[in-house]
Amino acid sequence: MRRILSLLLAASIVAGCSNDDTGTSAPAGPATGPVKAMRHADAQGLADKYRTEAATTLGVPAAGTPTSTLGSCDGTHTFTAITYGDLPVPADQQPAALEKLRQHYTAEQYTVAPAPTDGSTALNATTPDRVMISIAPEGTDTLRVNVATPCYESEEPL
């Protein structure tokens, strides 16, 4: 699962620091315009919002305390907010839960990656404000929700 978080962070840094603040998905190449400025706490709140949205959509409480962190992007004043948390979902109910989230994200006009064809069950989506969400099984009866914001500028030190 650390691999998914690492991939999510890497994708966020590559796509989120692109300077494009209007797209609904990760841009394919460099875009023009400044990186949006945001306070650390506001960016972390945004990441937390999408983690909570997954739990609310499934009607389950989050298990334990979520992990939240800030990661450096490509400079001393750019950062991404990352959070992840677990949702208790029995293994036999996980495919239905992931499909419910896929339908919810599609209805909310998130960009949802096609379902994997390699047998994995990960769900990946990007919100209109370019927050990346990845949800996949973690152990037997848990879904792990990983969320990463695009890169923002801040004068606050990491």
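Residues numbered from 1 in each chain as written. Predicted model: local features only at pLDDT ≥ 70, side-chain atom pairs only at ≥ 80, totals over all residues. Heavy atoms only, no water.

Visitor: Hey, could you go over the overall build of the protein for me, with residue numbers and the actual values?
Guide: A tally of regular secondary structure across the protein gives three helices and seven strands. Shown N-terminal to C-terminal, the secondary structure of the protein runs as helices and strands in the order α-α-β-β-α-β-β-β-β-β. The buried share of the protein, taken over its 158 residues, is 42%. Considering only contacts in the protein between residues 6 or more positions apart, those separated by 24 or more positions represent 64%. Total accessible area on the protein stands at roughly 8100 Å², and carbon and sulfur atoms take up 55% of it. (Helix = DSSP H or I, 4+ residues; strand = E, 2+ residues; numbered from the N terminus. Buried < 20%, exposed > 50% of the residue type's maximum accessible area, 1.4 Å probe, protein only. Contact = heavy atoms within 4.5 Å. Areas by Shrake-Rupley, 256 points an atom, 1.4 Å probe, with all protein chains shown as cover.)

Visitor: Before we move on, can you summarise the state of the cysteines with the specific residues and values?
Guide: The final tally for this structure, using the stated rule, is one disulfide. The side chain of C73 participates in a disulfide bridge whose partner is C151; the two sulfur atoms lie 1.9 Å from each other. Residues C73 and C151 are joined by a disulfide whose S-S torsion is about -90°; by sign, that bridge is left-handed. On the criterion of sequence distance, the pair formed by C73 in the loop between strand 1 (63-72) and strand 2 (78-88) and C151 in the loop between strand 6 (142-148) and strand 7 (152-153) is long-range, its members being 78 residues apart. (Disulfide = S-S within 2.5 Å.)

Visitor: Now, about helix 2 (residues 40-58): what can you tell me, with residues and values included?
Guide: When the terminal C-alpha atoms of helix 2 are compared, their 28 Å separation across 19 residues agrees well with the 27 Å that a helix rising 1.5 Å per residue should span. Restricting attention to buried positions, one finds in helix 2 the residues H40, A43, Q44, L46, A47, Y50, R51, E53, A54, A55, T57 and L58. Where helix 2 terminates, the next one or two residues include G59, which has phi positive at roughly 70°. (Expected span 1.5 Å × (residues − 1).)

Any functional reading would require information that these geometric values do not contain.
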